[in-house]
Every structure is written in structure tokens, then in C-alpha cells.
Amino acid sequence: MENFKEVSENYTLAEAIREAQRCLHCKVPGCQKGCPISNRIPEWIAELSKGNFGNAMQIINSRSNLPAVCGRVCGHERQCEGNCVLAKKGKAVHIGKLERFVADFDSEACLTHESIPEKSRGRVAVIGSGPAGLTIAGDLSRQGFAVEIFEMEPEPGGVLKYGIPEYRLPKEVVTREIKKIENLGVVFHLNTTIGRDFTIDDLFAQGFDAIFMGTGTGKPKKLDIPGITHKGVRQAIWFLRRVSLFQSGSVGREEVAVTEGDHVAVIGCGNTAMDAARTALRMGAEKVYIIYHHQIESMSALRAEYDDAVKEGVEFLWNSSVVNIQGGDGPRLKSVTIETEGVRSELPLHRLILAIGSVPASRIVSTTNGIDVDDRGYVLTREVPYGMTTRRGVFAGGDVTKRPATVVHAMQDAKMVAEGIARYIDAMKLMESIGAFEWQED
């Protein structure tokens, strides 16, 4: 669909090198400190500025398994670029676009051919193929572990494939990044739901030394508003997933909910709310509002995402809340009652989309003994080995533990969990070998 074409244009070769040459190569690089995964930014930018694309990619790969993704959807303005010394003058190096350029150029030219170590260090099962699961798989596979991913959807990628719109993150880019991880020797099992098709105990019985839960938060939070159960009210993650499935030809247009000429409102003001609002416009909505109970300074969305939404025609209702939902016949609404600073008014509306967050589903925890969660269902983990749950050998990371908030923060957490898994398996194998040695001595 043409209106879902990627919004941000890539650099040309000459533009990328010129932009890379603006880097000052600071002795204490703020950009690297601002990156959650400590990407060695000045090093690969220096290689790029000299046209050494293979070297640049090799340096990026040492810290990131998803550079083409991060180059597009990371919060650069708050992280690497926001900490660039040139940002004070409003001229920060466009690190995100440079990372994206290197990753895209590498894939198109087939420059990188990583050596695959022998998978002799242990076996790891990864549940979920979102940013956390893919990071675990890539890191551990490079370290000599045999990794298998179990994904409930028909395609891998999780939120990258089903939760971020095509105009921000093309599906072919995600597929390409996943293929690189598959080339490391990672095995994918699709249409496989842990907690239904297999349990954690089944995976251990298959010989896995450790298991990682990267299942995200698939259960929507709820609001206590009269009329909230009407069919005209949908969750943002449901809506974005339906649009993705429609674009892939898996469902019909009628399954998307938003139709031509609809008036749509989104509750929430994070990046997911911006995605839902801009996607509703692309699906033909005539009017789209974002309703937020605070002012613009409190929104969690990136300013760039807000600016793009305004440019595309999204209207913002600040300091406002929905206090009542009036349903119509069938799946459409009539209106909602808005309260703004104590004053109530009616807003004609056909669809209401909730982008207020989600919590973990209990499918795995309810079918497994020994995994403790808090009162909201988030999995509890320990510091040593980092990421291990209260069940020995079972680790968790990403949104299911409530630590991350973005793709790159999920990756940051997953990299630490990968280290914890490696240390745990190495320690267990060492103890087994010592036990076997002592038995032989006896």
C-alpha cells in the first residue's frame, strides 16, 4: 500500500560519508554513553567516513543484533544523538540514519559473513522472537550455544513484525535482520505456543540447559469507563496487528475495524498511540484525535513522532479524559464524553483505540511450577545470575519483567540476561564435570 511507504528516506552513499565526516570523535563520547547497548558509535562512524563499510558493520555487530531496526525506531533524540556534543547547537550527527545506512548497505551488498562457532557450549530455548528473544539468540549463538526459538505467530519478529507500522519499520527490514540471526545457526519453531503445545518442563525434557522467556506483554490493561466493552473500542496492539495481517494478505479489509470516513480517537500519548493514530489515517479515517490526560511535556512519545503526527493531521486533546462511551448499533460508536479541565463535551466518534499499555499473559507461568510473579503478573528475576527467575534454569527479560520500555532497552536487558545464561550453563557444566571426575576417582 503506497500510503504505508517508509516515511524516512535513506542516505545516498555520498550523503552518508559526508554526515559521518561531521563526527568530532570526542575523547569521552557522549553518544556511546547515551546508547543503552553501548554501541561503539565513534569507532564505526570513523570507518564509515573512510568508506570501510565492512569494518563499520563488524563493529556494530559486536553490540547490536538488529542495527537496521535500531537505526529506524530507536529514540535517538533522547539517546545517542541527544548526547552528541553537537546537539547543543542543534546540529547533532544523525547517528540513527547512519546506522540504518550501514546495515542496509551491508545487507544489499552481502558484505558480512560471520564465522559460526561450533555449537558445543550448551543448548538454550528462547520463547518469543521479539527484540529481547532475537538479542539473546544472536548473542548466545555467537558464543557457541545451540539456540532454538519458539514463536507462537506464523512469522518471527514479535512487536517488530506485528506492532510497529510499515511506514516506520518495513517488514522486509525485519525479515532481513532475522535472516542474519538464522544464518548464525539459530533454529526457529513457528506457530508453537509454550504453555499450550509444550510446557517449560517439556523443553527441559528435550535437553535444553536453560530457557529464556521473552514473551512481552500481550494482555491489555483495562480502563473503568462506562461503555468500554463495546465492540467499537479496540486495543492499539490489536489494531496494529490486524493492519499488519491485512497488509500481508492474512485477513480481509473488514478485519481491520477502521473504515473509510471514520472518526477515531486514541487514548494515550506514547509511541504506540502515535503509531495507532497515524495508521488509522492511512486506513482512511477522516478525523483522528489523541486524548491525553496531561500536557504535551508529560507525553512519553518522542517529539519527532508527535511532530509527524501533527503534520499528518492528528488532533491532540490535552488535559482530557474519556468519562463515558456511547455505543451505536453494530460495531461502531456514536460518541464519547470528554472531560477537559472539569468541562464535559460530546465528541462524535466511530472508533476508540486504547494505547494505555499491557501486562504479561499468564500462559507460561500458570503451566509451570516455581516461577514467581508480582501482583501485576510481571516475572520476578534475580541479579546473580542476572535474569534468572525463581525456577532454576529459567530466565526472563524484556517487557515480561517490566524493566524495558523500548526496543533498544529490551535489547539492553537481554544482553545482560545472555551473559547470565552463559555463566549459569558454564557453571552447571563445570559442576557436572567435577562430579563425574570425583565419581571416577572413587
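What comes next concerns the included structure.

Parameters and conventions
- Residues numbered from 1 in each chain as written.
- Predicted model: local features only at pLDDT ≥ 70, side-chain atom pairs only at ≥ 80, totals over all residues.
- Heavy atoms only, no water.
- Buried < 20%, exposed > 50% of the residue type's maximum accessible area, 1.4 Å probe, protein only.
- Helix = DSSP H or I, 4+ residues; strand = E, 2+ residues; numbered from the N terminus.
- Right-handed = clockwise from strand over helix to strand, strands pointing away.
- Pairing = 2+ DSSP bridges.
- Contact = heavy atoms within 4.5 Å.
- Axes fitted to C-alpha atoms, helices over the stretch in contact; angles between N-to-C directions.
- Patch = residues over 30% accessible without salt bridge, like charges linked within 9 Å, V, L, I, M, F, W, Y side chains within 5 Å.
- Areas by Shrake-Rupley, 256 points an atom, 1.4 Å probe, with all protein chains shown as cover.
- Salt bridge = Lys/Arg side-chain N within 4 Å of Asp/Glu carboxyl O.
- 1 Å grid on protein atoms, 1.4 Å probe; cavity = no way out; pocket = protein on both sides within 12 Å on 5 of 7 lines; lining within 4 Å.
- Points joined across faces, edges and corners; volume = space filled by probe spheres on them.
- Nonpolar A, V, L, I, M, F, W, Y, C, P; charged D, E, K, R; others polar.
- Parallel < 35°, antiparallel > 145°, perpendicular 65-115°, else oblique.
- Left-handed = near helix turned anticlockwise from the far one by under 90°.
- Core = buried A, V, L, I, M, F, W, Y, C linked by side-chain atoms within 4.5 Å.
- Phe/Tyr/Trp six-rings, centres within 6.5 Å; stacked < 30°, edge-to-face > 60°.
- Lys NZ or Arg CZ within 6 Å of the ring centre and 35° of its normal.

Points about the pairing of strand β7 (residues 263-267)
Burial of β7 is extensive: five of the five residues sit out of reach of the surface. In β7, alternate side chains face the same way, and those of His263, Ala265 and Ile267 on one face and Val264 and Val266 on the other are all buried. Taken together, β7, helix α12 (residues 271-282) and strand β8 (residues 287-291) form a β-α-β motif whose crossover is right-handed. For β7 and strand β13 (residues 351-354), the ladder comprises four bridges, and the chain directions are parallel. Directly across from Val264, in β13, lies its bridge partner Arg351.

Observations regarding helix α3 (residues 41-49)
Counting buried residues along α3, eight of its nine residues qualify, which places the element largely inside the surrounding structure. Those residues of α3 lying buried are Ile41, Pro42, Trp44, Ile45, Ala46, Glu47, Leu48 and Ser49. At its buried positions, α3 is contacted by α1 (13-20), α2 (30-34), α4 (53-61) and α6 (95-109).

Concerning the sheet that holds strand β1 (residues 123-127)
Either a parallel or an antiparallel arrangement is found when strands of a sheet pair, and the pairing is made through backbone hydrogen bonds. Ordered in space as β3-β2-β1-β4-β15, the five strands form an open sheet in which the pairing is parallel. Each of the sheet's edge strands pairs with one partner strand only, and the pair in question is β3 (187-189) and β15 (394-396). Taking each pair of neighbouring strands and ignoring which way they run, the sheet shows an average axis angle of 20 degrees. One ladder, built from three bridges, connects strand β4 (residues 210-213) with β15; its direction is parallel. Across the sheet, Met213 pairs through a bridge with Ala396, a residue of β15.

Examining a nonpolar patch on the surface
A cluster of nonpolar residues, Leu430, Met431 and Ile434, forms a patch on the protein surface that exposes about 290 Å² of accessible area. Looking at the secondary structure, you find Ile434 in helix α14 (residues 407-441).

Overview of the pattern of salt bridges
Applying the stated criterion across every chain yields a total of 30 salt bridges. The salt bridge involving Glu153 is made with Arg241; its shortest N-O contact spans 2.7 Å. Taken together, the residues span a long stretch of sequence, with Glu153 in the loop between β2 (146-150) and α8 (159-162) and Arg241 in helix α11 (residues 236-247) at a distance of 88 residues. Among the residues examined, Glu153 registers a relative accessible area of 13% and is labelled buried. Residue Asp201 pairs with Arg391 through a salt bridge whose shortest N-O separation is 2.6 Å. Note that Asp201 is positioned in helix α10 (residues 200-205) and Arg391 in the loop between β14 (358-359) and β15, a separation of 190 residues in sequence. Residue Asp201 is classed as partly exposed on the basis of its relative accessible area, which comes to 36%. Overall, Arg391 belongs to the buried group, its relative accessible area being 19%. Look at the salt bridges and you will find they share partners, linking Arg168, Asp275, Arg278, Arg282, Glu305, Asp308, Lys311 and Glu312 into a network.

Here we look at the sheet that holds β8
Across the sheet, which stays open at both edges, the five strands sit in the order β6-β13-β7-β8-β9 with parallel pairing between neighbours. Edge positions in the sheet fall to β6 (233-235) and β9 (315-317), since each has one partner strand and no second. Strand-to-strand twist in this sheet, taken as the mean axis angle between neighbours without regard to direction, amounts to 25 degrees. Contacting β6 and β13, α11 runs over the sheet at an angle of about 80 degrees to β6.

What about the layout of surface pockets?
In this model, the second largest pocket occupies a volume close to 500 Å³. Contributing to the lining of the second largest pocket are 22 residues, with Ser8, Arg72, His76, Ala304 and Glu305 lying nearest its centre. Within the residue set of the lining of the second largest pocket, elements represented by two or more residues are α5 (67-73), α6 and α13 (303-312). A breakdown of the residues in the lining of the second largest pocket according to their chemical character gives six nonpolar, six polar and ten charged.

Some details on the packing of α11 against α12
Interhelical geometry of α11 versus α12 gives an angle of 45 degrees and a closest axis separation of 10 Å. Judged by the angle between their axes, α11 and α12 are oblique. Every pair of crossing elements has a handedness; the one defined by α11 and α12 is left-handed. Mapping the contact onto sequence places Ala236, Phe239, Leu240 and Val243 in α11 and Thr272, Asp275, Ala276, Thr279 and Ala280 in α12. Classifying every residue of the contact of α11 with α12 by side-chain character gives six nonpolar, two polar and one charged.

Examining the nonpolar core
Counting 66 residues, the largest nonpolar core has Trp44, Ile45, Leu98, Ile136, Leu140, Leu160 and Ile421 as its most contacted members. For this core, the element with the highest residue contribution is α14, accounting for ten residues. Look past the residues within four positions of Ile136 in its chain and what remains in contact with it is Val126, Phe212, Ala414, Val417, Ala418 and Ile421. With 32 residues, the next largest nonpolar core counts Phe239, Val266, Ala277 and Phe316 among its residues.

Things to note about the packing of aromatic side chains
The tally for this structure, following the rule as stated, stands at eleven aromatic pairs. Ring geometry for Phe150 and Phe208: centres 6.0 Å apart, planes at 80 degrees, overall edge-to-face. Of the two residues, Phe150 sits in strand β2 while Phe208 sits in the loop between α10 and β4, which places them 58 residues apart along the sequence. Exposure class is identical for Phe150 and Phe208. Each is buried. One aromatic cluster is present, formed by Tyr292, Tyr306, Phe316 and Trp318 through successive ring pairs. Seen from the ring of Tyr11, Lys97 lies directly overhead, with NZ or CZ sitting 4.4 Å from the centre.

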